[in-house]
Amino acid sequence: MFKDTKAFSGFSVNDMQKAMEFYQGKLGIEISESEMGILTLHISGGSKIIIYPRPNHEPAAFTILNFPVNDVEKTVDELIAAGITFEQYGEPIKTDAKGILRGNGRGPDIAWFKDPAGNILSVLKEG
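- Identification of the chain as Enzyme related to lactoylglutathione lyase from Mucilaginibacter gotjawali is taken from an unreviewed UniProt entry.

As C-alpha cells, this is what we get:
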C-alpha cells in the first residue's frame, strides 16, 4: 500500500522564530516556510521534515531526529562552539564530559541535545 509513497515526519514547537533560528542558523539546515507558517527542513537526499506551531507544545521524551555524521566528537565540538549544550546521562547510557555515549563496539557513538522547544535530537556515528 505505501511501498512507493514518500513519507515524511513532523514535530511541534512552541516558538517558530526560535525554531527557524536554531535549525537554519545553528544547524545549517535549509528551511522553507509555507503561507500557513509551517517550516520545512530540507534534509540531504530529498527528505523533508515539517515543523508546526503548537501553543501547548510538550516536547517528546525520546529522540525525534537523528543526524548521522562521520565524526561525532568533531561535530559535538562544533555545536558546542555554536552555543549548543549536550545532555548528560548516567547509567545505563552514561555519557562522557562532552555528552557523548561511546559505543565501544556495542553501538555507535551518539550525543543528544535539545532544540529551543525541548525536543531531543542526536548526532551519531554514521554507518
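Moving on from the coordinates now.
## Focus: the packing of aromatic side chains
Okay, so step 1: This model, assessed by the stated rule, comprises five aromatic pairs.
Okay, so step 2: Ring geometry for F22 against F113: centres 6.4 Å apart, planes inclined by 45 degrees, an arrangement best described as tilted. Of this pair, F22 sits in helix 1 (residues 16-26) while F113 sits in strand 7 (residues 110-114), and the two are 91 residues apart along the sequence.
Okay, so step 3: Judged by relative accessible area, which is 6%, F22 ranks as buried.
Okay, so step 4: Owing to a relative accessible area of 0%, F113 belongs among the buried residues under this scheme.
Okay, so step 5: Clustering of aromatic rings is evident, with ring pairs tying together F11, F22, Y23, F86 and F113.

## As for the pairing of strand 4 (residues 47-53)
Okay, so step 1: Pairing between strand 1 (residues 9-13) and strand 4: five bridges, direction parallel. The residue of strand 4 that forms the bridge with S12 is Y52.
Okay, so step 2: As defined by bridge partners, strand 3 (residues 39-43) adjoins strand 4 across five bridges and the pair is classed as antiparallel. Each residue of the ladder has a partner; that of H42, found in strand 4, is K48.
Okay, so step 3: As consecutive antiparallel partners, strand 3 and strand 4 are separated by three residues, and within that stretch G45 has a phi angle of approximately 90 degrees, a positive value.

## Examining the side chain of S12
Okay, so step 1: Mapped onto the elements, S12 comes out in strand 1.
Okay, so step 2: According to the relative accessible area criterion, S12 is buried, its value standing at 7%.
Okay, so step 3: Among the polar contacts listed, one links the side chain of S12 to the side chain of H57, at a separation of 2.7 Å.
Okay, so step 4: Dropping the residues within four chain positions of it, S12 is found in contact with Y52, R54, H57 and N119.

## Observations concerning the side chain of E87
Okay, so step 1: Its place among the elements puts E87 in the loop between helix 2 (72-81) and strand 6 (100-101).
Okay, so step 2: Here E87 falls in the buried class, since its relative accessible area comes to 19%.
Okay, so step 3: If sequence neighbours within four positions are ignored, E87 has contacts with T95, G99, W112, F113 and K114.

## Focus on the nonpolar core
Okay, so step 1: Formed by 27 residues in total, the largest nonpolar core has its most connected members in Y23, L41, I51, L65, F86, F113 and V123.
Okay, so step 2: Of all the secondary-structure elements, those providing two or more residues to this core are strand 1, helix 1, strand 3, strand 4, strand 5 (63-69), helix 2, strand 7 and strand 8 (120-125).
Okay, so step 3: Ranked by residues supplied to this core, first place goes to helix 1 with five residues.
Okay, so step 4: Setting aside chain neighbours within four positions, we find I51 in contact with F11, V13, M16, Y23, I38, L39 and L41.
Okay, so step 5: Grouped together as the second largest cluster of nonpolar side chains are five residues, L101, I110, I120 and L124 included.

Calculation criteria
Residues numbered from 1 in each chain as written. Predicted model: local features only at pLDDT ≥ 70, side-chain atom pairs only at ≥ 80, totals over all residues. Heavy atoms only, no water. Phe/Tyr/Trp six-rings, centres within 6.5 Å; stacked < 30°, edge-to-face > 60°. Helix = DSSP H or I, 4+ residues; strand = E, 2+ residues; numbered from the N terminus. Buried < 20%, exposed > 50% of the residue type's maximum accessible area, 1.4 Å probe, protein only. Pairing = 2+ DSSP bridges. Polar contact = N/O pair within 3.5 Å; in protein donor to acceptor, adjacent residues only side chain to side chain. Contact = heavy atoms within 4.5 Å. Core = buried A, V, L, I, M, F, W, Y, C linked by side-chain atoms within 4.5 Å.

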